[in-house]
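Residues per chain, in single letters:
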Amino acid sequence: MNAERHPVERWTSQSLKAGVLFSGSVMILGLVLYAMHSFSTPLPQHNPTLIELVHRILSGSLDPFTLMYIGLILLMLTPFLRVLTAVVGFAVEKDRTFVFVSLTVFFFLVAELLYSLYR
Amino acid sequence: MTLFSFLILLVGGVGTGVLGALLGLGGGVFLIPFLVFAFNLPMHQAIATSIVAVIATSSAAASVNIERQTVNVRLGMLLEIATVLGAILGGLTANYLSNRVLTKIFAFLLLAVSIVMIRRIRGDAKDETVHQGGVLGGSFVEPTTGKTIAYSVKRVPGLLAISVIAGNISGLLGVGGGIFKVPAMHIVGAIPLKAAAATSNFMIGVTAAASAFIYFANGHLNPLVGATTALGVLGGSFLGVGLSRRVKSRSLTWIFAIVLLIMAVQLYIR
C-alpha cells in the first residue's frame, strides 16, 4: 500500500484531517459556551453513556459539557476510520490476508466500543 | 475551573503536542505528570486525558502525513492485533488498581523510558543492516540521499510478544507506547529507524483508541480537562511537525531523558 500510488491513502489522510478538524471545532464550541458562562458551570456528576449522548444530540439539548464529550468521542473515533480505510485499501489490492488482519483489528476496536456501550 | 487554569492547561497541551511530534511519541509521558502535579488530577483521569491526547497527536500527524511513504501498514496492522489485545486487557485491569499502585507503575515506566532514551542517544551512529523481501517487507525513499531503501522484517513472533506488552502498558498507563515500539522494531525486527518510527506513529492512535472508550465508560474522562488538553495537543502537534526540521533531536533527547528521570523519582516518592 504505497502512499504515492494509492488514492485510498490520500483519502485516509483527507478524511482524518476532516475528522480531527471537525472534532476540534465541536470542542471549541463547547469551551466557548463554557467561557460565556464565566467558567462557572459545575462539572456533571457522572459521565453520560454513549447512548445518552446520542439522545442529547437527537433532542438538541447541547450544553457545553455535552459538546465537549461529543468532540472527544469524535476524536476517539478517528483511529477507527484509519483501520477501516486500511481494510478498503487491502481489498482494492486483493490482499486477502491483510484484509483479514485489518478486519481483526477493527473487530477488537468495535468489541471494545460495544463493551463500553453496554456498561 | 478559572480562566488561568484553563490557559495553563491549554499551554500544557500545546507543549505536549510539540514534544510528542518532535520526539515521535504520543506525549503521554509528559502530560500525565503535568496533570498530576499541576492540576492534582486523580491518576485515572490523567490517564484518560492522556489517551485522548495520544489519539490527537497520532491522528494529527497522520493527517499531515509527512512520513506516509515510510509507514509499513502491513506490519503495523499485524502488530496492532497483539497491541490492541494488550491494550484492552490493560484498560480493563487499570480499573481494579488503586491510584497509588498506578502511580508507582508509572514512575517505573518513566525510569525505563529515560534509560531507553539515553541508550538511544549513545547508539545513534549505528549502521542499519538492510535485507530485502518477505510478505511484511517494505521500502521507502530516504530523503537525504534519494535512495530507495528496501528491508525485510525479522523475528516477527518476538515483535508480536513485545507488542502485547506495549499495548498493555498503553492501556494501563495511557501512553502511546511508541518509546518501546520504535526500539523493538528497530532492534528485534531489524527495521530501519525511519520506517519503525513512522509505523509506530501510525499504530499509537489505534492502540490508544482500544482503551479510550473503556476509560470513558468507567467515568474517568473529565470533559473540561480532556477537551482543553486535546485542543492544545492538536495545535501543538501541527506546530511540532513544522518545528521538527529546525531542532537538534540529540540535545532535545538529553534534556527529556533528564526531565523524565526527575519526574520518575518525584512520582515514586509521592
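Predicted model only: the values in this text are computed from it and were never measured.

The rules behind each value
- Residues numbered from 1 in each chain as written.
- Chains lettered and ligands numbered in written order.
- Predicted model: local features only at pLDDT ≥ 70, side-chain atom pairs only at ≥ 80, totals over all residues.
- Helix = DSSP H or I, 4+ residues; strand = E, 2+ residues; numbered from the N terminus.
- Buried ≥ 20, exposed ≤ 12 C-beta atoms within 10 Å, placed from the backbone.
- Contact = placed C-beta atoms within 7 Å.
- Rg over C-alpha atoms; globule rule 2.2 N^0.38 Å.
- pLDDT = per-residue confidence, 0-100.
- Axes fitted to C-alpha atoms, helices over the stretch in contact; angles between N-to-C directions.
- Parallel < 35°, antiparallel > 145°, perpendicular 65-115°, else oblique.
- Left-handed = near helix turned anticlockwise from the far one by under 90°.
- Nonpolar A, V, L, I, M, F, W, Y, C, P; charged D, E, K, R; others polar.

Undergrad: Just checking my understanding: could you explain the overall build of chain B for this structure?
TA: Looking only at helices and strands, one finds ten helices and two strands in chain B. In sequence order, the secondary structure elements of chain B are arranged as α-α-α-α-α-β-β-α-α-α-α-α. Counting all 270 residues of chain B, 57% fall into the buried class. Nonlocal contacts in chain B, meaning residues at least 24 apart in sequence, comprise 81% of its contacts between residues at least 6 apart.

Undergrad: I would appreciate a short explanation of the overall build of chain A in the present structure.
TA: What chain A contains, in helices and strands, is four helices and zero strands. Ordered by position in the sequence, the α and β elements of chain A form the string α-α-α-α. At 18 Å, chain A has a C-alpha radius of gyration far larger than the 14 Å of a compact globule built from 119 residues. Its C-alpha atoms put chain A at 55 × 35 × 20 Å along the principal axes. Per-residue burial for chain A yields a buried fraction of 35% across its 119 residues.

Undergrad: I tried to follow the confidence of the model for chain A on my own but got confused; where do I start?
TA: Segments scoring low in pLDDT should not have their predicted coordinates read at a detailed level. Per-residue confidence for chain A gives a mean pLDDT of 84, with 92% of residues at or over 70. Within the model, the stretch residues 1–5 of chain A combines pLDDT values under 50 with ten contacts to residues more than four positions away or in other chains.

Undergrad: How do you make sense of the packing of helix α3 (residues 64–92) of chain A against helix α4 (residues 96–117) of chain A when you look at a structure like this?
TA: Packed helix pairs are specified by the crossing angle of their axes together with the interaxial distance, meaning the distance between the axes. Residues and elements named next belong to chain A. Where α3 contacts α4, the two axes come as close as 8 Å, and the packing angle between them is 160°. As summarised for this structure, α3 and α4 are arranged roughly antiparallel, according to the angle between their axes. For the pair α3 and α4, the crossing hand works out as left-handed. Here F80, V83, L84, A86, V87, F90 and A91 of α3 lie close against α4, whose contacting residues are F98, V99, S102, L103, V105, F106 and L109. Here the contact of α3 with α4 is built from residues that sort into 13 nonpolar, one polar and no charged.

Undergrad: Help me understand the interface of chain B and chain A, please; the structure alone is not making it clear to me.
TA: Note: interface size is frequently given as the accessible area lost on complex formation between the parts. Contact residues are listed per partner, giving 42 residues for chain B and 42 residues for chain A. Secondary-structure elements contributing two or more residues to the side of chain B that touches chain A are α1 (3–23), α3 (43–64), α4 (73–94), α8 (193–217) and α9 (223–243) of chain B. Partitioning the side of chain B that touches chain A into residue classes produces 30 nonpolar, nine polar and three charged.

Undergrad: I keep staring at unusual backbone geometry and nothing clicks. Help me out?
TA: Residues and elements named next belong to chain B. If you check the backbone angles, N40 has positive phi at about 55° while not being a glycine. Even without being glycine, R155 reaches a positive phi, approximately 45°. Note on placement: R155 falls in the loop between β2 (148–151) and α6 (156–173). Accessibility expressed as a C-beta count within 10 Å gives 14 for R155, which makes it partly exposed.

Undergrad: Honestly, the environment of Q45 of chain B in this entry has me stumped. Any pointers?
TA: All names here are of chain B. Take Q45: it is sitting in helix α3. Among the residues examined, Q45 registers 20 C-beta atoms within 10 Å and is labelled buried. Separated by 181 residues in the primary sequence, Q45 and G226 have C-alpha atoms spaced 8.9 Å apart. In contact with Q45, other than residues within four places in its own chain, are H220, N222 and V225.

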